[in-house]
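A closer look at the structure
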Amino acid sequence: MNQQPKSLQTSRRGFLKKSSILVAGGAVGSGLSLARAAHPFGTDTIKIGLVGCGGRGTGATIQAMNTSGGDVNLVAMGDVFDDRLQGSFRSIKGKHGDKVKVTKDTQFVGYDAFQNVLASDIDLVILATPPGFRPLHFETAVKAGKNVFMEKPVATDAPGIRRVLAASELAKEKGLAVQVGLQRRHEVAYKETMRQIKDGAIGDIVLARAYWNSGGVWVRPRQEKQTELEYQMRNWYYFNWLCGDHIDEQHIHNIDVINWLMDDFPVTAQGQGGREVRHGKDHGQIFDHHFVEFTYANGTKFISQCRHIRKCYNSVSEHAHGTKGTADISGGKIYKPSGELAWKTNGSRGGHQEEHHDLFRELRAGNVPNEAEYGAKSTMTAIFGRMATYSGQLIKWDDAINSELALADFDSLKSMDNEAPVKPNEDGSYPCPIPGETKVL
Ligand SMILES: NC(=O)c1ccc[n+]([C@@H]2O[C@H](COP(=O)([O-])OP(=O)(O)OC[C@H]3O[C@@H](n4cnc5c(N)ncnc54)[C@H](O)[C@@H]3O)[C@@H](O)[C@H]2O)c1
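In this report, we go over the structure that sits alongside the text. (Residues numbered from 1 in each chain as written. Predicted model: local features only at pLDDT ≥ 70, side-chain atom pairs only at ≥ 80, totals over all residues. Heavy atoms only, no water.)

A tally of helices and strands in the protein chain yields 14 helices and 17 strands. Reported as C-alpha extents along the three principal axes, the dimensions of the protein chain are approximately 65 × 60 × 45 Å. Within the span of the protein chain, comprising 441 residues, buried residues form 58% of the whole. Positive and negative charge centroids in the protein chain, built from 53 and 51 side chains respectively, lie 3 Å apart. (Helix = DSSP H or I, 4+ residues; strand = E, 2+ residues; numbered from the N terminus. Buried < 20%, exposed > 50% of the residue type's maximum accessible area, 1.4 Å probe, protein only. Lys, Arg positive; Asp, Glu negative; His and termini not counted. Charge placed at Lys NZ, Arg CZ, Asp CG, Glu CD.)

Encoded structure:
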């Protein structure tokens, strides 16, 4: 199992100390560290590689290549499956033509594709596989001296979080930029609304709420001749070692907004969840609903809900209640206690493109954004919530982040013939958590 030595384990106090140093330098929120880049790119061509050529990897690459100030060329691509790589190649080529410099020699397929992409002549890598692989891929990218854009979430278990935090420190030492795909932090509408709240528009925060309640996502049914591992890799959303459950994979966006609001992360979590409708044969192990009550060190409660059940009330949003009013953060609106609208943003949305404009502008200016720390801590907050709903227990942050429970040994996977980290039960179903019985620490 991929377990971390004690030296890489982390405490909340240690993180807060580091955060306050960054606050003193005015860097928190912008995600900018004070370091300068090893290489200020100016108007030079920036060469990029893509690892994980699915929907988001393809989109993120196109958005990176849309940025201005100099060319961004794609020179290498890697995926475990050739069909995904070829589909992505065609889409990116369709948008960016000659700026796609990928040849047959720089298309890499298999579990070692990431190593081959990282050994290519690239300045920056986009990491967009399912999140379970992120700690291994991120650590390897930093060791290889590459700037990184990595999708959220950045892990599915606590050992993975500690690995990302350690690699983030190395990135800072090496002057490498790291951006995490929590794009709300780059949306003007969110930034303006958060600025209003932090300037006191609703007074002191007494309660926060966030939701990702929706109908759910795709299912990729088992195909003939697939090995068990290939099936789990294709249908990754439903396997925790790959996905982390939807509280980690999707609801992290809303959880991160509340951590941003609080400039902190919670100290305890308790909650409940389960599988009401998710009983299909391709529904793996994950819950279809979670409800978590997080508590921050100052006593403020954060109510978090995520649900994947059709024909229910849906909301993907974040809200703050203060002593002088309330904020619909996602809606960009501030209300007086009477309910009257006090302020509304005119700021733009579209964080997926904006985050790449921001990243490439900083790289060209010679700055070194580092979002890995809050990206990892917000991912950990989602995992923390999952630990609470799976176990049914009240969990403490320090116990959660120092947990040795690794969901898979990602480093050991070499081929689709390897044993899958999760085995099906005799009836073809998969082991699911049972609150009151499941151990999460
Ligand atoms: N920021 C956002 O709004 C947003 C939106 C969608 C997805 N995402 C994130 O992007 C990531 C990818 O999601 P997606 O929707 O593109 O999924 P996807 O299934 O479309 O793509 C994932 C790709 O990674 C490949 N892959 C899996 N393991 C690999 C490995 N070890 N090495 C190389 N390639 C590997 C798969 O074959 C697939 O092509 C996830 O972390 C997801 O949470 C973020």
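Moving on, there is more to tell.
Attention shifts here to the pairing of strand β6 (residues 147–150). Side chains Asn147 and Phe149 of β6 all project onto a buried face; the interleaved residues Val148 and Met150 project onto the opposite face, where all are buried too. Here 4 bridges tie strand β5 (residues 124–127) to β6, and the two strands are oriented parallel to one another. If you follow Ile126 over to β6, its bridge partner there is Phe149. Remark: the β5/helix α5 (residues 134–143)/β6 crossover connection has right-handed handedness. Where β6 meets strand β7 (residues 178–180), 3 bridges bridge the pair, whose relative direction is parallel. Within the sheet, the bridge partner assigned to Phe149 lies in β7 and is Gln179. Once the chain exits β6 it traverses helix α6 (residues 158–174) before rejoining the sheet at β7, and the crossover so formed is right-handed. (Pairing = 2+ DSSP bridges. Right-handed = clockwise from strand over helix to strand, strands pointing away.)

Take the side chain of Arg386 next. Position of Arg386 relative to the elements: it lies in helix α13 (residues 372–391). As a buried residue without a salt bridge, Arg386 has its nearest oppositely charged side chain in Asp248, at a separation of 4.6 Å. Setting aside chain neighbours within four positions, we find Arg386 in contact with Thr156, Asp157, Gly244, Asp245, Ile247, His290 and Leu407. (Salt bridge = Lys/Arg side-chain N within 4 Å of Asp/Glu carboxyl O. Contact = heavy atoms within 4.5 Å.)

A few words now on the site of the ligand. In the vicinity of the ligand lie 27 residues, with Arg56, Asp79, Arg134, Trp236 and Glu249 positioned nearest. Within the backbone of Val80, an N or O atom sits 3.3 Å from a nitrogen atom of the ligand. Measuring from an oxygen atom of the ligand, one finds a side-chain N or O atom of Arg134 at 2.7 Å. The protein chains hide 91% of the 850 Å² of surface that the ligand would expose on its own. Contributing elements (two or more residues each) for the shell around the ligand: α2 (55–65) and α5. Its residues assigned to classes, the shell around the ligand shows 10 nonpolar, 9 polar and 8 charged. (Near = heavy atom within 4 Å. Polar contact = N/O pair within 3.5 Å; in protein donor to acceptor, adjacent residues only side chain to side chain. Areas by Shrake-Rupley, 256 points an atom, 1.4 Å probe, with all protein chains shown as cover. Nonpolar A, V, L, I, M, F, W, Y, C, P; charged D, E, K, R; others polar.)

This next bit is on the sheet that holds strand β4 (residues 107–109). With parallel pairing, 6 strands are arranged side by side in an open sheet as β4-β3-β2-β5-β6-β7. The open sheet has two edge strands, β4 and β7, and neither has a second partner. Here the average twist between neighbouring strands, direction ignored, is 20°. Relative to strand β3 (residues 72–79), strand β2 (residues 46–51) is paired through 6 bridges, and the arrangement is parallel. (Axes fitted to C-alpha atoms, helices over the stretch in contact; angles between N-to-C directions.)

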